[in-house]
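Coordinate analysis (summary)
What follows is the residue order along each chain.
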Amino acid sequence: MLPPRSSMLRAVGSLACCWALAWPGAQAAAAPEEITVLTPAPPTLPGFAPWILAQARGYYQAQGLKVNLMAANGGGVQVAKQVGAGIALAGSSVGDAPLFLRPNGIPIKVVAVLGGHSLMRVVVHEDDARIKTPADLRGKTVTVGSYTDSIYYSFLGMLKHYGVDKRAVNVQAAGPTGVWKLFATREADAMVATPDWALAAINAGAKVRMFHGDQVFPGLPQAIVASDETIRTRPDLVEKVVGATLRAMREIMQDPGAAVDDFIAAVPAYRDKRDYVAQIIGAYARDVYPGQAVPGKMDPALLGRLQDFYVKEGLLARRAPLEDFYTDRFVGKTP
């Protein structure tokens, strides 16, 4: 059982105070600029470790920023809406989210991609001999978090690769908790999961096998998004947030163990759940964050393939220039 959301969010508010003296060069400026960065779920979840560690290790403070990490009520869509409206300076989203949001009047762009691999994996029960490949999901019950997120769309791409019509699969949208609980209790034959959901099922007793999405279909991981207006008028702030967050991501890959220790020190509600935190941070460090020649840089060829697929499947009405959806001007710099 995860720690209460209220206690985790209180931990975020105290990060700067707890760590201001613990890291070289991390003292805050005399008058730091206060900004808000949104996440689609409580920011103290281990899946948001780059943001937590950039805060805890003083990297935002060293840039003269006081960053308020907050969860947006309503998840990823609310992150995008509030960032697009200028209520928050930046937010955590998925790398292909602007493909769907900009046509609906939400003016955001990806300013950094956190890793080179898809978040999506299909998880099946280890002892289920009926499912040898995703082609065997015909007639099976599969849980997903939602029918309207990139994880599900990546799953559709995987099915397409194996020649499986989505109507031949009993796909159930079960929300971020039901997606793994129904699988762990064997009420579902498979689930479409992020690393966090897969590990939640494992910790609930499920023994699993996994098919990683980008082995057969392109996918994008988490990303940092900002509005067109913020990119135009305050590029200095965007660059600082991107640089500090990517620095933390690189350090997670280099030393996951130290990242786990510092994450738990920053979010003490996880003090008795070190193995859980280590599993999640380790999965991101191993399976998601690597694979970019320049950390944070968008892969435009991959984004183009995704857009083509979404248009072909009727998920998008039309194609648009790829540069409408992202900018790489803030990556490749050392904070």
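Computed from a predicted model, the values in this text were never measured in an experiment.

Quick word on the domain arrangement of the chain
- Along its sequence, the chain is organised into domain 1 (33–117 + 221–324) and domain 2 (121–215).
- Here domain 1 and domain 2 have C-alpha centroids that lie 24 Å from each other.
- Tallying the contact residues gives 17 residues for domain 1 and 12 residues for domain 2.
- In this assembly, domain 1 packs against domain 2 so that about 1300 Å² is buried in total across both faces, 60% of it on carbon and sulfur atoms.
- Viewed at the interface, domain 2 and domain 1 are joined by one salt bridge.

Some details on the pairing of strand β1 (residues 33–39)
- Counting buried positions along β1 yields five of seven residues, so the element is predominantly enclosed.
- Both β1 and strand β2 (residues 65–71) contribute to a ladder of seven bridges, which runs parallel. Looking at the pairing, Glu-34 lines up with Lys-66 of β2.
- Of the strand pairs in this sheet, β1 and strand β3 (residues 90–94) are connected by two bridges, and their pairing is parallel. Pairing of Leu-38 across the sheet is with Gly-91, part of β3.

Things to note about empty space enclosed by the protein
- Under the definition given, this model contains one cavity of 30 Å³ or more.
- Of the pockets and cavities examined, the largest cavity occupies roughly 40 Å³.
- Lining the largest cavity, in full, are Val-94, Asp-96, Ser-118, Ser-150, Ile-151, Ser-154, Gly-219 and Leu-220.
- Of all the elements, helix α7 (residues 150–161) adds the most residues to the lining of the largest cavity, at three residues.
- Among the residues forming the lining of the largest cavity, the class breakdown is three nonpolar, four polar and one charged.

Observations concerning the sheet that holds strand β5 (residues 121–125)
- Pairing in this open sheet of five strands is mixed, and the strands run β7-β6-β8-β5-β9 from one edge to the other. Each of the sheet's edge strands pairs with one partner strand only, and the pair in question is β7 (170–173) and β9 (208–212). When the angles between neighbouring strand axes are averaged without regard to direction, this sheet yields 25 degrees.
- Summarising the sheet, β5 and β9 pair through five bridges and their orientation is antiparallel. What sits directly across from Arg-121, in β9, is His-212.
- Of the strands in this sheet, β5, β8 (190–193) and β9 touch helix α9 (residues 195–203), which is tilted by about 140 degrees from β8.

Some points on the environment of Asp-328
- With respect to the helices and strands, the residue Asp-328 is situated in the segment after α14 (300–312).
- Residue class for Asp-328 comes out partly exposed when judged on its relative accessible area of 22%.
- In this structure the C-alpha to C-alpha distance between Asp-328 and Asp-136, which are 192 residues apart in sequence, comes to 39 Å.
- Discounting residues that sit within four places of it in the chain, Asp-328 has contacts with Gly-296, Lys-297 and Met-298.
- At a separation of 3.1 Å, a polar atom in the side chain of Asp-328 contacts the main-chain amide nitrogen of Met-298.

Overview of unusual backbone geometry
- Even without being a glycine, Arg-186 presents a positive backbone phi close to 65 degrees.
- One can find Arg-186 in the loop between α8 (175–184) and β8.

Considerations on the side chain of Thr-194
- Secondary-structure assignment places Thr-194 in the loop between β8 and α9.
- The exposure class assigned to Thr-194 is buried, which follows from its relative accessible area of 10%.
- Those residues in contact with Thr-194, other than ones at most four positions away along the chain, are Leu-119, Arg-121 and Ile-151.

The rules behind the values
- Residues numbered from 1 in each chain as written.
- Predicted model: local features only at pLDDT ≥ 70, side-chain atom pairs only at ≥ 80, totals over all residues.
- Heavy atoms only, no water.
- Domains from an automatic or database assignment.
- Contact = heavy atoms within 4.5 Å.
- Buried area = accessible area lost by both parts, 1.4 Å probe.
- Salt bridge = Lys/Arg side-chain N within 4 Å of Asp/Glu carboxyl O.
- Buried < 20%, exposed > 50% of the residue type's maximum accessible area, 1.4 Å probe, protein only.
- Helix = DSSP H or I, 4+ residues; strand = E, 2+ residues; numbered from the N terminus.
- Pairing = 2+ DSSP bridges.
- 1 Å grid on protein atoms, 1.4 Å probe; cavity = no way out; pocket = protein on both sides within 12 Å on 5 of 7 lines; lining within 4 Å.
- Points joined across faces, edges and corners; volume = space filled by probe spheres on them.
- Nonpolar A, V, L, I, M, F, W, Y, C, P; charged D, E, K, R; others polar.
- Axes fitted to C-alpha atoms, helices over the stretch in contact; angles between N-to-C directions.
- Polar contact = N/O pair within 3.5 Å; in protein donor to acceptor, adjacent residues only side chain to side chain.

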